[in-house]
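Each chain, written out:
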Amino acid sequence: PRRAWVVVEQGHLVEKSVRDIDVGTLILVKAGEIIPLDGVVVEGRSYLNLVYLTGESAPAPKKSGDEVPAGANNLDGTLTIRVLRNSRDST
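This report concerns the structure included in the present document.

## Notes on the overall build of the chain
Per the secondary structure count, the chain includes 1 helix and 9 strands. In terms of C-alpha radius of gyration, the chain reaches 12 Å, essentially the compact-globule figure of 12 Å for 91 residues. Counting only C-alpha atoms, the chain reaches 35 × 25 × 20 Å along its principal axes. Residue burial in the chain is summarised as follows: out of 91 residues, 36% are buried. Contacts spanning at least 24 positions in sequence make up 60% of the contacts within the chain whose residues lie at least 6 apart. Accessible surface, the chain as shown: approximately 5400 Å² in total, 46% of it carbon and sulfur.

Rendered as structure tokens:
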């Protein structure tokens, strides 16, 4: 993805280019969306499809504290993710 939903003051969302998102920023990834940047889940739980990254098509469960790679397909839940790597360094 080229854009992501950034969580700002009081939980509001602002859409930004992934190139403009810094490490440490909170982003929201809804069900059916592709994770735009490498990060760690801070809220929510979901299953991710990592087939494009690993070749494995079995859904992988993710919850608070788990790292998630850019390019994974978020299958069924909403995740709030703290960005660990900017767009130049993400998966």
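## Quick look at the sheet that holds strand β7 (residues 67–68)
In spatial order, the strands read β2-β1-β3-β9-β4-β7; together these 6 strands make up an open sheet with antiparallel pairing. Bordering the open sheet on either side are β2 (13–17) and β7, each of which pairs with just one other strand. In the sheet, strand β4 (residues 39–43) pairs with β7 via 2 bridges, with the strands oriented antiparallel. For Gly39, the partnering residue across the bridge sits in β7 and is Val68.

## Regarding the sheet that holds strand β5 (residues 46–49)
Taken in spatial order, the 3 strands of this open sheet run β6-β5-β8, and their pairing is antiparallel. Sheet topology places β6 (60–62) and β8 (73–74) at the edges, where each strand pairs with a single neighbour. Inspection of the sheet shows β5 paired to β8 by 2 bridges, in the antiparallel sense. Looking at the pairing, Asn49 lines up with Asn73 of β8.

## Regarding the pattern of salt bridges
Per the stated rule, a full pass over the model turns up 4 salt bridges. A salt bridge links Arg3 to Glu15, with the shortest nitrogen-to-oxygen separation between them at 3.8 Å. Within this pair, whereas Arg3 is found in strand β1 (residues 3–7), its partner Glu15 is found in strand β2, the two being separated by 12 residues in sequence. Using a relative accessible area of 42% as the deciding quantity, one classes Arg3 as partly exposed.

## With respect to the side chain of Ser46
Residue position: Ser46 is located in strand β5. At 2.9 Å, the side chain of Ser46 forms a polar contact with the side chain of Asp76. A distance of 2.9 Å separates the side chain of Ser46 from the backbone nitrogen of Gly77, its partner in a polar contact. Aside from chain neighbours lying at most four places away, what touches Ser46 is Ala60, Pro61, Lys62, Asn74, Leu75, Asp76, Gly77 and Leu79.

## Notes on the side chain of Asn49
Topologically, Asn49 is positioned in strand β5. Relative accessible area serves as the criterion here: at 18%, Asn49 is assigned to the buried category. Within the structure, the side chain of Asn49 is placed 2.8 Å from the backbone nitrogen of Val51, a separation counted as a polar contact. Excluding residues within four positions of it along the chain, Asn49 makes contact with Glu56, Ser57, Ala72, Asn73 and Leu75.

How each quantity is defined
Throughout this document, residue positions are counted from 1 along each chain, in the order its sequence is written. The predicted origin of the model limits local features to residues at a pLDDT of at least 70 and limits the giving and counting of side-chain atom pairs to 80 or more, whereas totals for whole chains, interfaces and linings rest on all residues. Only heavy atoms go into the side-chain values, all of them from the structure, while hydrogens and water stay out. Helix and strand definitions here come from DSSP, where helices need a minimum of 4 consecutive H or I residues and strands a minimum of 2 consecutive E residues; each element is numbered from the N-terminal end. Using C-alpha atoms as the atom set, the radius of gyration is obtained and then compared with a globule rule of 2.2 Å times the number of residues to the power 0.38. Relative accessibility decides the category of a residue: with a 1.4 Å probe and only protein chains considered, values under 20% of the type maximum give buried, values over 50% give exposed, and everything between is partly exposed. Here a residue-residue contact requires only that any non-hydrogen atoms of the pair lie within 4.5 Å. Using the Shrake-Rupley algorithm and a 1.4 Å probe, accessible areas are obtained, with residue cover drawn only from the displayed protein chains. Criterion used throughout: strands pair if DSSP finds at least two bridges between them. By convention in these notes, a salt bridge is any Lys or Arg side-chain nitrogen within 4 Å of a carboxyl oxygen on Asp or Glu. Here a polar contact is taken to be a pair of N or O atoms separated by no more than 3.5 Å, where protein atoms must pair a possible hydrogen donor with a possible acceptor and residues adjacent in sequence count only if both atoms sit in side chains.

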